[in-house]
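# Understanding the architecture of this molecule
Read off the chains here:
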Number of protein chains: 4
Amino acid sequence: MSTFGHYFRVTTYGESHCRSVGCIVDGVPPGMQLTEEDIQPQMTRRRPGQSALTTPRNEKDKVEIQSGTEFGITLGTPIAMIVRNEDQRPHDYGGGGKSDMDSFPRPSHADFTYLEKYGVKASSGGGRSSARETIGRVAAAGIAEKYLSLAHGIEIVAWVSSVGSEHQFPTTAEHPAYSTHPDFLKLINTITRKQVDTFAPVRCPDSDGASRMTKAIEKFRDAHDSIGGTVTCVIRNCPIGLGEPCFDKLEADLAHAMLSLPATKGFEIGSGFGGCEVPGSTHNDPFVRNEQGKLVTKTNNSGGIQGGISNGAHIYFRTAFKPPATIGQQQQTATYDGDNGVLEAKGRHDPCVVPRAVPIVEAMAALVVMDALMAQVAREGVRAKLPMLKGVSLPVKDTGTNASGQNVEEVLNGVKG
Amino acid sequence: MSTFGHYFRVTTYGESHCRSVGCIVDGVPPGMQLTEEDIQPQMTRRRPGQSALTTPRNEKDKVEIQSGTEFGITLGTPIAMIVRNEDQRPHDYGGGGKSDMDSFPRPSHADFTYLEKYGVKASSGGGRSSARETIGRVAAAGIAEKYLSLAHGIEIVAWVSSVGSEHQFPTTAEHPAYSTHPDFLKLINTITRKQVDTFAPVRCPDSDGASRMTKAIEKFRDAHDSIGGTVTCVIRNCPIGLGEPCFDKLEADLAHAMLSLPATKGFEIGSGFGGCEVPGSTHNDPFVRNEQGKLVTKTNNSGGIQGGISNGAHIYFRTAFKPPATIGQQQQTATYDGDNGVLEAKGRHDPCVVPRAVPIVEAMAALVVMDALMAQVAREGVRAKLPMLKGVSLPVKDTGTNASGQNVEEVLNGVKG
Amino acid sequence: MSTFGHYFRVTTYGESHCRSVGCIVDGVPPGMQLTEEDIQPQMTRRRPGQSALTTPRNEKDKVEIQSGTEFGITLGTPIAMIVRNEDQRPHDYGGGGKSDMDSFPRPSHADFTYLEKYGVKASSGGGRSSARETIGRVAAAGIAEKYLSLAHGIEIVAWVSSVGSEHQFPTTAEHPAYSTHPDFLKLINTITRKQVDTFAPVRCPDSDGASRMTKAIEKFRDAHDSIGGTVTCVIRNCPIGLGEPCFDKLEADLAHAMLSLPATKGFEIGSGFGGCEVPGSTHNDPFVRNEQGKLVTKTNNSGGIQGGISNGAHIYFRTAFKPPATIGQQQQTATYDGDNGVLEAKGRHDPCVVPRAVPIVEAMAALVVMDALMAQVAREGVRAKLPMLKGVSLPVKDTGTNASGQNVEEVLNGVKG
Amino acid sequence: MSTFGHYFRVTTYGESHCRSVGCIVDGVPPGMQLTEEDIQPQMTRRRPGQSALTTPRNEKDKVEIQSGTEFGITLGTPIAMIVRNEDQRPHDYGGGGKSDMDSFPRPSHADFTYLEKYGVKASSGGGRSSARETIGRVAAAGIAEKYLSLAHGIEIVAWVSSVGSEHQFPTTAEHPAYSTHPDFLKLINTITRKQVDTFAPVRCPDSDGASRMTKAIEKFRDAHDSIGGTVTCVIRNCPIGLGEPCFDKLEADLAHAMLSLPATKGFEIGSGFGGCEVPGSTHNDPFVRNEQGKLVTKTNNSGGIQGGISNGAHIYFRTAFKPPATIGQQQQTATYDGDNGVLEAKGRHDPCVVPRAVPIVEAMAALVVMDALMAQVAREGVRAKLPMLKGVSLPVKDTGTNASGQNVEEVLNGVKG
């Protein structure tokens, strides 16, 4: 489906060569200041060509809010946003001679499966499987991010953690998962998008790592080849209690969100795959009272989520992106008709998409958190109207001061900060 | 939420100490033979204690169909299924002296977050975070699996691919992902559930691997500790065309399904995280015509999914499970009130849950495929009623004989076999 | 589908001759006292045979909570409820001689369409089209009603407003709609379920009307015929602001809910069909400040809903039920095979279902209000965390004291009372 | 919510003074020819001012397809459509002196409830409660209507059946519901949109009725007052088997759809409210074999739906629209602040919206049928892959030739014609 979320519902549309791409966002909080200036920065960060980062007045991929605001204030009604496509001429497949791209389904691309699924296919480019589809996601996430920041101070920052076999934090016998690596834990406390972007074009906030990864990309570029990598993302200040078990555990929705991105092959939360190799006695995150009197975990192998529900610690996860399928090298493959042949892609191709994936990963994380937040706000809101439970035979949260040291008023106001 | 799927909708209920656990399945195909005997085998496979496997007449976790069938035939109406809980006495928290388990939120368990989220918590055990919650999923999947097998010959088989640092197919410089490992590729062609179960209790279908993993589990068991591992799963004979981009790509729904299981930390499809380290020229799966004249991929780094849509090749993926949080060792942690203390879990605890996760992974895979299948059947069904497109300027599938060599009748009948 | 609601989600199951009927309710407010005693009264009110009303210890249709509570407190997890069927033996259609009921699709019944839709049909009775299906709805609504009453003092009362051509408030030239009838307006201020039940068996709270309706039913009963009627329902104390335009306007969800009940043919809100005949100058409901300083409407042709959103006035609506299809008279019709013949239903049949529909209408109204309430609580909850808007160029609600005279604290606590 | 439908999902956006209004349609059948010319005619029919009907090249409310088609063929991906707003300047509420419209919530309008619900309100006009919101619905329905017509020859025609107390078919003692009126039954067999439009501006296809209604509208217009009315709609050639009990019965979804339209107060299907007054012996629709050997009903009090499922007969229903709330007369009411005063609306106002509602009612009917069709196509498609049932103990449809005389191939192709 083209809709994501149950409370904060994002519906996207558009392919490479149609009039525009965009989205409708339903369930927007009313009474929030919002203009295109809140949306545009991430749109610009996701554009191809890192020069975009240094060209502030770049007019490309300019988002236009169509509805749902007046005088820069959200009305609570659906917000539609569109970004016009510059090249709106679809390729005429039937009219002239077939090119290679017409005859061959590109290996590991969506050409073959789109034609099989729909029985018809956009004439050229990736259609809806193109990275251009993600524009609507990033636009919608601009609204979510503004709210999450204003209301809860939530910060979501992603960066490139590996390119090919070059890792920012290589696994070691001591640290099979980077969830125990002190440098990693320090990094996620403070890393900002601005810092990440200073390491353009590779967006790995680590001089040594960035240098190694840049070289790796250059090597594959020069060989007319491509390479994959991973993006790590941290969510800070996420309220406790988000995630809707049993099927919509917070990590399940994050995994869904990330694997819905083009070219993704894997997802791990907290200690992840490496965590399988650590004994429970090491992996368990013991509780401790912090300076504010709140119960927090001492370590964070859980990645900020226990039992599918956020526990107040930093949420962090990693997403794997495969090497781009379109490469300059000749490929031995077969045509749609099954004839063997050699496909040679024309033009310049991006040898590694991982740096551009950074704002898209952030966007999807924002959509997941916003949706989970609204579900929990509804629950806490209805609960707050019930008579207090007293003397009952099962554990209840003292709503005077809860386990996190939050007082009644905070709890009644919505989700805890 | 407690509902999974849009077309084949499964809603589950139940915690450890209530009257029963179970589910309602809506969207069931009508006119299919179905009795409890179709459901029970996987219920038995998921039970704690491997002796269950060798006790055919074990009466525990016995499923009862409540509705939706008559004389062993599905009516197309919702099928409710229940499994009675044997121990229905919740622990009286308020009545007597508090035990350790009452005072301490267990580290890396759901105790703390459930209380925070709901403001109230089941008195003992894991409540809805308990593995007992998965019974409803497995029961529902029994219906899906029967249909998928009858209608398309689909086979779904999972097994234990690692315990701790013991891997069935350790990564090597040559094979950073096992998607290129010849032994792995051979295994997924033929592996059956029966074969997997012959390697009880560890369920790794490999003598050497099973032996290494068994020793690893014993080591952690003897140390009153626990260990995680991974489960790999293959789906064979999945029709081409399943998966609903852009948000419900097939791998996105699989990732969602797997990360919704208790204790999971990661998911990877096809080449997965290892695939990030392979050049595109190696990673791309070229097309070739097979003996039946169908277009298939020569390699399968994609794991059977391109552009979010099944391509007819085996779909395979891996899910990471963390070490169980409940261990016999003393743990230094804090009480709900924030006081430091030592928690010592009583009783025997399962040092490794991965072998029991096998049927649950299969169950969730079946639910994902069934839901995606119904979405595509609806699409193909409505398309089949439209006039044929002729002489149009974009690629269309020849419905006489399509790219997979299927003829019109097959296509019109629904999804391609 | 078998699920109703987006936030407070009710999934029902069961037909006449299966093991049990029931439901799973997801999205239940946690921390609310709830036992079977909260659910049973309405279950008993919906039972066939009015003697049920006077037999307090009647053991039939006894509801059993399966999950989601402990020690009588809701956990916030799904609540499953089941009611066992007494007659669980489906009719063996293939085994013996066909009866009339086997050969004939009953006129205006679901027999024909169920067989066409599903390709298979429950052997006897109405299967899922039977009124027995509504048990799950009434059980689920018991939870909603308890919450709505505890948290907002909401009262939902339905009664029989017509049987055949006997109307409680016949339309007149002066009052083409009863929305302007003083007796009607007085009645909806105070009517209770208890009062309605004193007019058993017909449940029209009006001596004259009840007498006329009873006679009408007796007339049709004696003629082995049947007759329809209408049920009117009022919702008092509904918070302002419920309803989710544009597609889920509150009256749209109510209409959906009512027309999903068996045997319904129509729905009208407020002035309804009669309101079409009244000039706008009369139909408009002017505003006035009430004694508490709140803005309210002077008249209530709107039926408590403006622009699809509750306005704080009583919500009232009317639902039409057709005469029962199963009658004792001989009917000239055709068999499934198309042969003409005479169908004669055996046994006693209910000549008028309207009195029994009363608690079912109340149940569906409760589900609609509960779902709309949770949607609005989520919206108000997220809005409450935003900075106050000041000096903006469009109307904003003064959150110090809003248009309803409610103060900040009330608003921040959730939906306004 | 702003989304309608589960399989054919329509999401709309836009208010009176934003940049554009429109929709995204997800679940569109791929491979269908579609251009703006398929969409525009109904857009034009819904425009204010009947002169639109006679101005073929009117450029207003011009729809633009943004995505989801190439070379006039649907791709199966989401289709976004937009219609630009001509007046995009919202009214500056804060900047200058308040007008009457700023101070007064209009009686029976959405002003008061929108402000209460969202805490903020569009500065002028009805915002999202404006009839302009329906543009997105009509655009989306253009796609559904094209498909329904091409694939099943479905025809949907609505017309004005009453204005004020002037009825096309007044109820009589003999015909308390028009479901038994021979003239009505004749009309619904053949009525076309073209015929309806020849009775512009009132759109009642009956010379006498149209004349009476026109006079009624003129009377209220001259009195600066307004009047309501009803729209009746027929759906012809709807396949048997549509509707998803128990909650999504076909009439329930139709009722939902109609009551989601602005200014609606009631809905009735088939015999409707009048049918409550008819004995069951008259109301029941007996079966008979028609000339093609199919089982059909002799009468049609059911309105084409039995047990919530279409039975192959014409589906017809009626929707009630209240008098427009905005009138030229002075109205005694209160300001937002609770002060009594007189509101006098400026400008010309439409005294009766019913004629314009005709295409909107048709649009919503098309969306309901399309969604129900796809649900049933999915069901029949999955069923068609199952082994035939033989010798079972409950009724099954002979898939060789079913009760409707359809053969296997038709059934396997999808929904029956």
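Keep in mind the model is a prediction, meaning the values are calculated, not measured.

Along the backbone of chain A there are 12 helices and 18 strands. Going through the 417 residues of chain A one by one, you find that 65% of them count as buried. In chain A, once contacts between residues fewer than 6 apart in sequence are set aside, the share between residues at least 24 apart is 72%.

Right, let's talk about the packing of helix H8 (residues 250-259) of chain A against helix H11 (residues 354-384) of chain A for a bit. Residues and elements named next belong to chain A. At a minimum axis separation of 9 Å, H8 and H11 run at an interaxial angle of 145 degrees. Seen from above, H8 lies across H11 with right-handed handedness. On H11, the residues that touch Leu 250, Asp 253, Leu 254, Ala 257 and Met 258 of H8 are Val 361, Met 364, Ala 365, Leu 367, Val 368 and Ala 372. Taken together, the residues that form the contact of H8 with H11 break down as 10 nonpolar, no polar and 1 charged.

All names here are of chain A. Mean pLDDT over chain A works out to 89, with 90% of the residues at or above the 70 mark. Overall, residues 51-58 carries pLDDT values under 50, and its contacts beyond four positions in sequence, including any with other chains, amount to 6 contacts. Below a pLDDT of 50 lies the segment residues 400-417, which in the model reaches 51 contacts outside its immediate sequence neighbourhood of four places, other chains included. Both scores are given for the predicted complex: the pTM is 0.95, the ipTM 0.94.

Attention now moves to the relation of the copies chain A and chain B. Mapping chain A onto chain B calls for a screw motion: a turn of 180 degrees about the axis and a shift of 0.0 Å along it, with 0.0 Å RMSD after fitting. In short, the pair behaves as if placed about a two-fold rotation axis. Every residue of chain A has its C-alpha some distance from the rotation axis, and the shortest such distance is that of His 256 of chain A, at 2.3 Å. In this assembly, 100% of the residues forming the interface of chain A have copies in chain B that are likewise at the interface, indicating an isologous arrangement.

Quick look at the interface of chain A and chain C now. Contact residues are listed per partner, giving 30 residues for chain A and 30 residues for chain C. Among the elements that make up the side of chain A that touches chain C, the one with the highest residue count is H11 of chain A (8 residues). Class assignment for the residues of the side of chain A that touches chain C results in 20 nonpolar, 6 polar and 4 charged.

Let's shift gears to the interface of chain A and chain B. Chain A puts 108 residues into the contact, and the matching count from chain B is 108 residues. Of all the elements, helix H3 (residues 111-118) of chain A adds the most residues to the side of chain A that touches chain B, at 6 residues. When grouped by side-chain class, the residues that make up the side of chain A that touches chain B number 45 nonpolar, 44 polar and 19 charged. As paired elements, strand S11 (residues 264-269) of chain A and strand S11 (residues 264-269) of chain B share 3 bridges and run antiparallel to each other. By the bridge assignment for S11 of chain B, Gly 266 of chain A is matched with Glu 268 of chain B.

Calculation notes
Residues numbered from 1 in each chain as written. Chains lettered and ligands numbered in written order. Predicted model: local features only at pLDDT ≥ 70, side-chain atom pairs only at ≥ 80, totals over all residues. Helix = DSSP H or I, 4+ residues; strand = E, 2+ residues; numbered from the N terminus. Buried ≥ 20, exposed ≤ 12 C-beta atoms within 10 Å, placed from the backbone. Contact = placed C-beta atoms within 7 Å. Axes fitted to C-alpha atoms, helices over the stretch in contact; angles between N-to-C directions. Left-handed = near helix turned anticlockwise from the far one by under 90°. Nonpolar A, V, L, I, M, F, W, Y, C, P; charged D, E, K, R; others polar. pLDDT = per-residue confidence, 0-100. Least-squares fit on C-alpha atoms with pLDDT ≥ 70 in both. Pairing = 2+ DSSP bridges.

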